Amino acid sequence: MINQSAPLESKRLKDTEFTLYGWNTCMQFFKNRPDDLCRLFFSKQRSSALGSVKKWCAVKKLPYRELDLESLNKVASATHHEGVVMVVRPIIPSSIYSFIKTGLGKKGIAVALDCVGNTHNLGAILRTCAFFGVEGMVISNQEGQARLTSSAARTAEGAMEITPIYQCTDLASALRDFMLRNIYVIGTDLNAKQLLYDIEIRFPCVVVFGNEQDGLSSSVQKRCDQVVRIPGTEKIQSLNVAVATGVILSELTRCRGSKK
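Throughout what follows, the structure given in this document is the object of discussion. (Residues numbered from 1 in each chain as written. Predicted model: local features only at pLDDT ≥ 70, side-chain atom pairs only at ≥ 80, totals over all residues. Heavy atoms only, no water.)

Topic: unusual backbone geometry
Note the threshold: The helix and strand labels rest on DSSP assignments: H or I over at least four residues marks a helix, E over at least two residues marks a strand, and numbering proceeds from the N terminus.
Here the residue pair F203 and P204 is connected by a cis peptide bond, since its omega of -5 degrees sits within 30 degrees of zero. Structurally, P204 is set in the loop between β10 (194-195) and β11 (205-210). Of note in the backbone geometry, K61 takes a positive phi value of approximately 60 degrees without being a glycine. With respect to the helices, strands and loops of the structure, K61 is situated in the loop between α3 (51-60) and β3 (64-66). Positive phi, close to 60 degrees, is recorded for N182, a residue that is not glycine. Mapped onto the elements, N182 comes out in the loop between α8 (171-180) and β9 (184-188).

Structure, rendered in structure tokens:
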């Protein structure tokens, strides 16, 4: 007899549970959201270092188990787990409306992604946002936008627990709403005439990064106060979007710290 409810149960688990792996990723999660831990798996080498987590699991009656390498690879569905895997309740991105309503700080910076499709780039951008103290990252639920997967969390090295993530249905409309609240919107495009270092940057601001192949969509470009590019030697056409994020956020951080 075929169990027709099995696919439905699998979908429910996917919606309510999320697999994290990697030492920094898992430990940052446990620091921020220990009550959302469901199960813990670890290697023999990591056992002693996870003493406080195992104690938490024992007190909360949560399953925890030491596994061999092959079993850990299977649980993580990856090999880069560094000896620790946690099954947790997922982060649910907040609505963009709450972010727009609350606004940014006087010199706040937010990042918005226009259909950045690679999960590793998404994770790397999150990590960069956390490093530079970005107040929020905006992603759309449009087709082509990478999702918050386990591999994105692994690449983010714990930043998914630090940088608030907001979701919108239409990025161009969200940027319009930011502009109505006097938030400066900067787009990035390798064909832009303006150079990053030549414009006068106003704060608070949102910086928008486009799709890896096509850049910013035309509807999003129309919602930008300025569209800029990073100058280079032109021996290679462009930077990886995650690297470009680091360059631009570094410059914005320098500008907002300047006394001029």
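Concerning the pattern of salt bridges
The following threshold applies: Definition used for salt bridges: Asp or Glu carboxyl oxygen within 4 Å of a side-chain nitrogen of Lys or Arg. Here the term buried applies to any residue with accessible area under 20% of the maximum for its type, exposed to any over 50%, and partly exposed to those in between, with areas from a 1.4 Å probe on protein chains only.
Inspection of every chain in the model, using the stated rule, returns 8 salt bridges. Linking E17 and R39 is a salt bridge whose minimum nitrogen-to-oxygen distance equals 2.9 Å. Of the two residues, E17 sits in the loop between α1 (6-16) and β1 (18-21) while R39 sits in strand β2 (residues 37-42), which places them 22 residues apart along the sequence. Residue class for R39 comes out partly exposed when judged on its relative accessible area of 26%. Notably, a salt bridge pairs E82 with R154, separated by 3.6 Å at the nearest N-O pair. Of this pair, E82 sits in the loop between α4 (69-76) and β4 (84-88) while R154 sits in helix α7 (residues 150-156); the two residues are 72 residues apart in sequence, bridging distant segments of the chain. E82 gets classed as partly exposed once you look at its relative accessible area, which sits at 37%.

Describing the side chain of Q145
Selection rule: For this analysis, a polar contact is any N or O atom pair within 3.5 Å, provided that within protein one partner can donate a hydrogen and the other can accept it, and provided that sequence-adjacent residues contribute only side-chain to side-chain pairs. Any two residues having at least one pair of non-hydrogen atoms within 4.5 Å are treated as being in contact.
Here Q145 is to be found in the loop between β7 (136-140) and α7. Q145 sits in the buried class, given a relative accessible area of 4%. A polar atom in the side chain of Q145 sits 3.1 Å from the backbone oxygen of V116. Contacts of Q145, omitting those with residues within four sequence positions, involve L113, D114, C115, V116, L122, I139 and S140.

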